[in-house]
Amino acid sequence: MIEKKVYLKWICFSRMVSAESTTLTDRQVQVLELREQGLTQREVADRLGSTGSNVSAIERAAERNVEQARGTLQLIRTIRSPVRLTVDAGTTFDDLVDTIYARGDEDGVKIAYCRPELYAHLFGQLESHTTRNRLDTAVEIGLTRDGEVKVFVGDE
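In this report, the structure presented in the accompanying data block is examined. Predicted model, so just to flag it, every value in this text is computed and none were measured.

Rules and cut-offs
- Residues numbered from 1 in each chain as written.
- Predicted model: local features only at pLDDT ≥ 70, side-chain atom pairs only at ≥ 80, totals over all residues.
- Heavy atoms only, no water.
- Pairing = 2+ DSSP bridges.
- Helix = DSSP H or I, 4+ residues; strand = E, 2+ residues; numbered from the N terminus.
- Axes fitted to C-alpha atoms, helices over the stretch in contact; angles between N-to-C directions.
- Contact = heavy atoms within 4.5 Å.
- Salt bridge = Lys/Arg side-chain N within 4 Å of Asp/Glu carboxyl O.
- Phe/Tyr/Trp six-rings, centres within 6.5 Å; stacked < 30°, edge-to-face > 60°.
- Buried < 20%, exposed > 50% of the residue type's maximum accessible area, 1.4 Å probe, protein only.
- Patch = residues over 30% accessible without salt bridge, like charges linked within 9 Å, V, L, I, M, F, W, Y side chains within 5 Å.
- Areas by Shrake-Rupley, 256 points an atom, 1.4 Å probe, with all protein chains shown as cover.

What about the sheet that holds strand β5 (residues 149–152)?
1) Next: Here we have 3 strands laid out as an open sheet, ordered β1-β4-β5, and antiparallel in their pairing. Looking at the sheet topology across the chains shown, the edges are occupied by β1 (83–87) and β5. Geometrically, the sheet is characterised by an average inter-axis angle of 25° between neighbouring strands, direction not taken into account.
2) Next: Note that strand β4 (residues 139–143) and β5 share 4 bridges and pair antiparallel. Among the inter-strand pairings, I141 is bridged to a residue of β5, identified as V151.
3) Next: Its contacts with the sheet put helix α6 (residues 115–126) on β4 and β5, and the angle it makes with β5 is roughly 20°.

Now the structure itself:
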């Protein structure tokens, strides 16, 4: 039992995140880490002195916790960015910037960036999601009450 605790602490230290700071239990973190290393459920069970069905149940519970955490993040994003808009794939950066300013005006939010700054801010966050100055994927943009522009892509 002591070996497992030491191993778990090493895992958490190596990631600089502790299980206590997440919605996952120590055991869920331990199982997920071993599975990420490529071990089968049976191998994880053998290593932890458990059963395959128990490891499977732990993984399912961890996935539920992860989904609940995602939902929590989405709620916080909504609270912190009361103005949200979805921008379709194929939109140019010029149109994206125009859309953000228009939506800010529409909702009484003064955008905290001048046009070149906003363009640079967006490109910095979306560069990996663009080709030739166009979005490759749909993104969500959030505007905070103080004019900050938040970018949400997929599960980020």
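Comments concerning the pattern of salt bridges
1) Next: For the coordinates displayed, the defined rule picks out 8 salt bridges.
2) Next: Residues R70 and E67 are paired through a salt bridge, measuring 2.4 Å at the closest nitrogen-oxygen approach. In this pair, R70 and E67 are both assigned in helix α4 (residues 52–80), 3 residues apart and thus about one turn of the helix distant.
3) Next: A salt bridge links D94 to R115; the nearest nitrogen and oxygen atoms lie 4.0 Å apart. Taken as a pair, D94 in helix α5 (residues 93–106) and R115 in helix α6 lie far apart in primary sequence, 21 residues in all.

Regarding the packing of aromatic side chains
1) Next: Here the structure, examined in full by the defined rule, presents 2 aromatic pairs.
2) Next: Consider the rings of F93 and Y119, whose centres lie 5.5 Å apart with planes at 50°: the pair is tilted. Here F93, found in helix α5, pairs with Y119, found in helix α6; they are 26 residues apart in sequence, far enough to count as distant.
3) Next: Since its relative accessible area comes to 0%, F93 is described here as buried.
4) Next: Joined through ring pairs, the aromatic side chains of F93, Y119 and F123 make up one cluster.

Focus: a nonpolar patch on the surface
1) Next: A surface patch of nonpolar side chains, about 260 Å² in accessible area, is lined by L75, I76 and I79.
2) Next: Here I76 lies in helix α4.

Any link to function would need more than the numbers given here.
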